[in-house]
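A look at the structure
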Amino acid sequence: MKIISGKLVDIHNRKIFSAEVIIEGSKITKINRVDSSRNVFLLPGFTDSHVHIESSMITPGAFATAAVKHGTVAVVSDPHEIANVMGIAGVEFMLDDARKVPFKFYFGAPSCVPATTFETSGGTITSNDIVNLLNDSRISYLAEMMNFPGVIYGDDEVSRKIAAAKKVNKPIDGHAPGLRGDSLKKYVTAGISTDHECSTIDEALEKIKLGMKILIREGSAARNLDALKDLIRTNSEMVMLCSDDLHPEMLESRHINKVVAKLINEGFNIYDILKCTSINPKLHYGLETGTLKVGDPADFIIVEKLEDMNVLETWIDGSKVYDNGIIQFNYEPAKEVNNFNCSAINIDDILIRNQKKRIRVIEAIEGELMTNEILWNTLGEYVEPDIEKDILKIVVKDRYKDSSPVTGFIKGFGLKNGAIASSVAHDSHNIIAVGASNDDIVKAMNQIIRMKGGLSVCSGGMLNYLMLDIAGIMTARSCNQIASEYLKLNQLTALNGCQMKAPFMTLSFMALLVIPDLKIGDKGLFSVKEFKPISLFID
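Residues numbered from 1 in each chain as written. Predicted model: local features only at pLDDT ≥ 70, side-chain atom pairs only at ≥ 80, totals over all residues. Heavy atoms only, no water.

The next thing to look at is the overall build of the chain. Looking only at helices and strands, one finds 16 helices and 28 strands in the chain. Relative to the 2.2 N^0.38 estimate, which gives 24 Å for 539 residues, the radius of gyration of the chain is 23 Å and therefore close to what a compact globule would have. Going through the 539 residues of the chain one by one, you find that 63% of them count as buried. Here the contacts in the chain between residues at least 6 apart in sequence split such that 68% fall between residues at least 24 apart. Carbon and sulfur atoms form 48% of the exposed surface of the chain, whose accessible area is close to 19400 Å². Charge separation in the chain, taken as the distance between the mean sites of 59 positive and 68 negative side-chain charges, equals 2 Å. (Helix = DSSP H or I, 4+ residues; strand = E, 2+ residues; numbered from the N terminus. Rg over C-alpha atoms; globule rule 2.2 N^0.38 Å. Buried < 20%, exposed > 50% of the residue type's maximum accessible area, 1.4 Å probe, protein only. Contact = heavy atoms within 4.5 Å. Areas by Shrake-Rupley, 256 points an atom, 1.4 Å probe, with all protein chains shown as cover. Lys, Arg positive; Asp, Glu negative; His and termini not counted. Charge placed at Lys NZ, Arg CZ, Asp CG, Glu CD.)

To continue, consider unusual backbone geometry. Here the bond from His426 into Asp427 is cis, since omega is -5°, no more than 30 degrees from zero. For the bond from Pro516 to Asp517, the omega torsion is 5°, close enough to zero to count as cis. With respect to the helices and strands, the residue Asp517 is situated in the loop between helix H16 (503-508) and strand E25 (518-521). Positive phi, normally seen in glycine, also occurs at Lys356, with a value near 60°. For Lys356, the location among the structural elements is in the loop between strand E16 (326-327) and strand E17 (358-364). By relative accessible area, Lys356 is classed as exposed at 61%. For Asp390, which is not glycine, the phi dihedral falls at a positive 60°. Along the chain, Asp390 turns up in the loop between strand E18 (371-377) and strand E19 (391-397).

Bringing the pattern of salt bridges into the picture now. As enumerated under the stated definition, the model contains 27 salt bridges in all. Between Lys393 and Glu384 there is a salt bridge, with the nearest N and O atoms lying 3.2 Å from each other. The partly exposed category is assigned to Glu384, whose relative accessible area is 27%. The residue Arg477 makes a salt bridge to Glu485 at a minimum N-O spacing of 2.6 Å. Through salt bridges that share partners, Asp226, Lys229, Lys262 and Glu266 make up one connected network. (Salt bridge = Lys/Arg side-chain N within 4 Å of Asp/Glu carboxyl O.)

A sheet is described by the order of its strands in space; here 3 strands give the open sequence E10-E11-E12, paired in parallel fashion. The open sheet has two free edges, formed respectively by strand E10 (194-195) and strand E12 (239-242), since each of these has just one partner strand. Note: strand E11 (residues 213-217) against E12, 4 bridges, orientation parallel. Bridging across to E12, Leu215 finds its partner in Met240. Across the sheet, helix H13 (residues 270-285) lies against E10, E11 and E12, angled at about 105° from E12, the strand it touches most. (Pairing = 2+ DSSP bridges. Axes fitted to C-alpha atoms, helices over the stretch in contact; angles between N-to-C directions.)

Locating Asn496 in the fold gives a position in the loop between helix H15 (479-495) and H16. A C-alpha to C-alpha distance of 5.2 Å links Asn496 and Asn417, two positions 79 residues apart in sequence.

The next subject is the side chain of Ser456. Counting through the fold element by element, Ser456 comes out in strand E23 (residues 454-459). For Ser456, the side chain forms a polar contact with the main-chain oxygen of Ala444, separated by 2.8 Å. Those residues within four positions of Ser456 in sequence are excluded, and the remaining contacts are Ala419, Ile420, Ala421, Ala444, Gln447, Ile448, Asn464, Tyr465, Leu489 and Phe504. (Polar contact = N/O pair within 3.5 Å; in protein donor to acceptor, adjacent residues only side chain to side chain.)

The next thing to look at is the packing of aromatic side chains. One pass over the full model with this rule turns up 9 aromatic pairs. With a centroid separation of 5.4 Å and an interplanar angle of 10°, the aromatic rings of Phe300 and Trp315 are classed as stacked. With Phe300 in strand E13 (residues 300-303) and Trp315 in strand E14 (residues 311-316), this pair connects stretches of sequence that are 15 residues apart. Just as Phe300 is buried, Trp315 falls in that class too. (Phe/Tyr/Trp six-rings, centres within 6.5 Å; stacked < 30°, edge-to-face > 60°.)

All right, on to the pairing of strand E8 (residues 139-145) then. Counting buried residues along E8, 7 of its 7 residues qualify, which places the element largely inside the surrounding structure. Pairing geometry for strand E7 (residues 104-109) and E8, over 3 bridges, is parallel. Residue pairing in the sheet places Gly108 in a bridge with Tyr141 of E8. Assessed by its sense of winding, the connection that carries the chain from E7 through helix H4 (residues 127-134) to E8 is right-handed. In this sheet, strand E9 (residues 172-174) lies alongside E8 in parallel orientation, the contact comprising 2 bridges. From the neighbouring strand, Met145 faces E9, where its bridge partner is Gly174. (Right-handed = clockwise from strand over helix to strand, strands pointing away.)

Time to look at the sheet that holds strand E5 (residues 46-51). If you trace the 5 strands from one edge of the open sheet to the other, you get E5-E6-E7-E8-E9, paired in parallel fashion. Of all strands in the sheet, those bounded by a partner on one side alone are E5 and E9. Averaged over neighbouring strand pairs, the angle between their axes works out to 25° when direction is ignored. Lying on the sheet, helix H6 (residues 156-167) is in contact with E8 and E9; it crosses E8 at an angle near 150°.

The next subject is helix H14 (residues 438-451). With 14 residues, H14 should reach 20 Å at 1.5 Å per residue; the first-to-last C-alpha distance of 20 Å fits that figure. For H14, the complete set of buried residues consists of Asn438, Asp440, Ile441, Val442, Ala444, Met445, Asn446, Gln447, Ile448, Ile449 and Met451. Next to the buried residues of H14 lie E19, strand E21 (419-422), strand E22 (431-435), E23 and strand E24 (462-467). Measuring from the side-chain oxygen of the N-cap residue of H14 to the backbone nitrogen of Asp439 gives 3.3 Å; that N-cap residue is Ser437. (Expected span 1.5 Å × (residues − 1).)

Here we take up the side chain of Ser5. Among the structural elements, Ser5 can be located in strand E1 (residues 2-10). Other than its neighbours up to four places away in sequence, Ser5 contacts Ala19, Glu20, Ser37, Arg38, Val40 and Leu42.

Below, the discussion takes up the packing of H4 against H6. Between H4 and H6, whose axes approach to 9 Å, the crossing angle comes to 10°. Judged by the inter-axis angle, H4 sits roughly parallel to H6. Contacts from Ser127, Ile130, Val131 and Leu134 of H4 reach H6 at Glu157, Arg160, Lys161, Ala164 and Ala165. Residues of the contact of H4 with H6, tallied by class, amount to 5 nonpolar, 1 polar and 3 charged. (Parallel < 35°, antiparallel > 145°, perpendicular 65-115°, else oblique. Nonpolar A, V, L, I, M, F, W, Y, C, P; charged D, E, K, R; others polar.)

As structure tokens, then:
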């Protein structure tokens, strides 16, 4: 038996009182009110209701060792990044690695692998695969259905995946940026129950009215908290908090805890906030997580001050997993996996002969996954970057086999020199680079090929890089180590002129062909609005 004393934040009865929490085994067996207690607060541990662990560039076990420091006890995780690289073998890697730490992972069956048929991926997960995954007790839900056109127009394969989730009574996550009106109604009627892509209150309220739960996202590249936070005041029962994608330097410094602290300091009701981070995900996804009541698993955290949410201790299933700066468990990673099979490129591969026409240029927007399309009049025998106008070259290369790279142009990165490249490129994770110099672009991309995955910065021929040896998108090294190396690459990118807060994260989404509007994959430019490939040149 264990007795934990403190000021208990009771989210069920909406009170704070001095208490002793009695733990036997993994459960809370009794909560006693007392006259006085330690001057610390006991709260339910946090659940991130939608995250792609792979975006932190570390394995599930390494993720857990970073997350418990911030009071996170559970994550609802979609492993579609590694599934796009490895297929079912990638999902199995995540499940195997997760078992090696005392942390609550709730994985989904990736619904869109590949995300589209208009790019090359390393894995495929069919509707038959989905049936098998959903019948596995380790799989908790059908992960985000990004193919909303397929849902709306009744694509057979999409419909079979949705039917498989309904048959076993597991939730279906959504992904519907900007979807409104009759199309949204069809999407929700099909059984989609959540959305984490809302960017305005009006869009979120329309989805709530139709019964969808809104997952307010505050990650490294996409941050919608300020736009949507008032939903916590008006519709707290329909809201959860999530990160979606966290790069390692952010995970090292904070998780859901700092979102909670921000909201508390802005005057939001603490009970409503904590409902969004514990009760709501538990009920929606059927999680075996505790909410600090008798009979629940003993999943809770201890903090000194509510307004800063700096975590002193984290408990999961009655065991202390984090104690004042010290992780209380060991982690031995699962066996490495990868899928990388292409050869080096040269400058001739990325040259574009000018057709004396206007070209389409992707406009990247700081802090947003969405892009715009702008038109540019070109000069010269070849189309080359215009540094003064901030129009740079963007290149994507299929990493799964030898094929010619695709070249386009992009505005918004601000590089004056050099190039950056990465094999973290949602969702298929081919090699993507942006740069001001052909030579630096080629050298940066070829470094990724030599490492079989990672990030690189090249300026004046000088290379710096971070190796990602698991599926080309992750490593089993600690979050602290990767955050340090990643920050160095960001700093070098800034020295070359890029003022984006998360340039590699933003770059990774330029290949995501399911977020509007103009994107680029290994087969060329793609209009998400029209959901079809389009040409670089335009009459």
